[in-house]
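A structural walkthrough
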Amino acid sequence: MRADSFPGRIISVLSRRAPAFHTPSSPSPAALGTRPRKKPFKRTAAAPAEAFRAQLVNVGLRKASLLGAVLPGANLRGADLRDADLRGADLHGTNLQVANLTSASLEGADLRGTDLRDAHLNGCDLRQADLADADLRNERLLKATLAHSRLTNADLREAVLSDATLRSADLRSADLRGADLHHADLTGADLRSARLWTVLHTANLEETDLSGTDLRRQQLKRGQLRACNLKGADLRGASLAGADLRDADLSEAKLWKTDFEEADLSGAVFDGIDTGPWQHTGRDLLRLSGARWTAATKWPPDLQNFMLARSLRVSDGVWVVARTTLHRLAVEPLSR
């Protein structure tokens, strides 16, 4: 390969700046000028850390085989990495702003603290990837796979996650304010068994699969949850005040002290809900003051008459739960 050719220049840059970078098709680590894997990398006063950070701005690496690449802190802003193989790569602290990673494979990659603002990750495979503290603002993750990924403290504000798979992902303390999990004609994101306990203000969760998800004490006020699958979800102490829950499936969900004040429950399904343990000394309260429901709303048999007795009929087939001084209603225990 000629040294002045484009691939030659790329290999030359990586050999000087990226510790232990090589591709499976390369002849040997020595041919690329990389350090032997078993020898520790030592920096001297004459070689500051910045000197070893690969500068690959706008580089074209489409379909490149970068399996296990070691590029911590590299500058890959605007890089074309479509369909690239980056499985198991060390990219922590890397700048990937505006990079195109469409359909790239990043399974098991280390992306901690990576800057992915405005990057394209549509269809990207991020299974088991570590994205803790990553900056994913305005990110496009349409149809991306993030199952079992780590997204703790990640910034996902305004991110688009339609049809993305986040099953069993760890989203604790992640910021999803303004995130869109149901965009255009795509289906909602799959968050089954995900660990949330995060900021979800104004997030669009329409048609999202949240079945079995732990949403205890979650703040979902005025949330967009139309046709959302919340079957078996744990909503104990959660606030869904003013939320749009039309046609949502809440069957078998845990609803101990869940707040549905002013929520739209038209067509929602509440079959088999768990409203908490009942004690002789007190009751758990399901807050429903001002909630709207319709003839299509499916209440458990023991709750149906209670709702009819405490709601005002506002039009044909439409009721609103009467408001009370305490803005709450004590739900009678369901028959066991």
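Coordinates for the structure precede this section.
Attention in this report is confined to the structure presented alongside it. (Residues numbered from 1 in each chain as written. Predicted model: local features only at pLDDT ≥ 70, side-chain atom pairs only at ≥ 80, totals over all residues. Heavy atoms only, no water.)

1. Some words on the overall build of the chain
Counting its secondary structure elements, the chain contains three helices and three strands. Taken from the N to the C terminus, the helices and strands of the chain come in the order α-α-β-α-β-β. Among the 336 residues that make up the chain, the fraction classed as buried is 50%. Here the analysis covers contacts within the chain between residues at least 6 apart in sequence; of these, 25% occur between residues at least 24 apart. About 15,800 Å² of surface is accessible on the chain, with carbon and sulfur atoms providing 47% of the total. (Helix = DSSP H or I, 4+ residues; strand = E, 2+ residues; numbered from the N terminus. Buried < 20%, exposed > 50% of the residue type's maximum accessible area, 1.4 Å probe, protein only. Contact = heavy atoms within 4.5 Å. Areas by Shrake-Rupley, 256 points an atom, 1.4 Å probe, with all protein chains shown as cover.)

2. Quick look at the packing of aromatic side chains
Any two aromatic rings considered together are summarised by their centre-to-centre distance and by the angle between their planes. Inspection of the entire model under this criterion finds four aromatic pairs. An angle of 80° between the planes, with centres 5.9 Å apart, marks the rings of F260 and F270 as edge-to-face. Of the two residues, F260 sits in the loop between α2 (29-32) and β1 (292-294) while F270 sits in the loop between α2 and β1, which places them ten residues apart along the sequence. Comparing F260 with F270, the two get one shared label, buried. Centroid distance W293 to W299: 5.8 Å. Interplanar angle 85°. Geometry classified as edge-to-face. For W293, a relative accessible area of 1% corresponds to the buried category. Each member of the aromatic cluster is reached from another via a ring pair, and the members are F260, F270, W293, W299 and W319. The lysine or arginine in question, R236, covers the ring of W256, its NZ or CZ lying 4.9 Å from the ring centre. (Phe/Tyr/Trp six-rings, centres within 6.5 Å; stacked < 30°, edge-to-face > 60°. Lys NZ or Arg CZ within 6 Å of the ring centre and 35° of its normal.)

3. Re the sheet that holds strand β2 (residues 311-315)
Pairing is antiparallel in the open sheet, where three strands are placed in the order β1-β3-β2. Two strands in the sheet have a free side with no partner beyond their single neighbour: β1 and β2. Here the average twist between neighbouring strands, direction ignored, is 35°. Alignment of β1 against strand β3 (residues 318-321), held across three bridges, turns out to be antiparallel. (Pairing = 2+ DSSP bridges. Axes fitted to C-alpha atoms, helices over the stretch in contact; angles between N-to-C directions.)

4. Brief notes about the pattern of salt bridges
Under the defined criterion, the tally for this structure stands at 21 salt bridges. The salt bridge partner of R167 is D190, with a shortest N-O separation of 3.0 Å. With a gap of 23 residues between them, R167 in the loop between α2 and β1 and D190 in the loop between α2 and β1 connect regions that are remote in the sequence. Its relative accessible area of 36% is what places R167 among the partly exposed residues. Taken together, the salt bridges that share partners define one network made up of D115, R117, D135, R137, D155, R157 and D175. (Salt bridge = Lys/Arg side-chain N within 4 Å of Asp/Glu carboxyl O.)

5. A short note on helix α3 (residues 301-309)
Burial in α3 covers these residues: L303, F306 and M307. Seen along its axis, α3 keeps its buried residues to an arc of 100°; they face one direction. In α3, the exposed positions angled more than 90 degrees off the buried face are occupied by P301, N305 and A309. Its buried side turned inward, α3 meets β1, β2 and β3. (Arc of directions from axis to C-beta.)

6. Overview of unusual backbone geometry
A negative phi angle is the norm for most residues apart from glycine, just as the trans form is the norm for most peptide bonds. The phi dihedral of S103 falls on the positive side, at around 60°, and the residue is not glycine. With respect to the helices and strands, S103 occurs in the loop between α2 and β1. Positive phi values are uncommon outside glycine, yet A227 reaches one of about 60°. Along the chain, A227 turns up in the loop between α2 and β1.

7. A look at the nonpolar core
Counting 85 residues, the largest nonpolar core has L126, L245, F260 and L265 as the members making the most contacts within it. Every element with two or more residues in this core is listed here: α3 and β3. Among the elements that make up this core, the one with the highest residue count is α3 (three residues). In this view, F260 contacts L240, A241, L245, L250, L255, L265, F270, L286, R287, L288 and A291; residues no more than four positions away in its chain are not counted. (Core = buried A, V, L, I, M, F, W, Y, C linked by side-chain atoms within 4.5 Å.)

8. Focus: the pairing of β3
By the alternation rule, side chains of β3 split into V318 and V320 and W319 and V321, which are all buried. Across four bridges, the pairing between β2 and β3 is antiparallel. Opposite R313, over in β3, you have W319 as the bridge partner. The loop that links β2 with its antiparallel partner β3 comprises two residues; one of these, G317, has a positive phi angle of about 75°.

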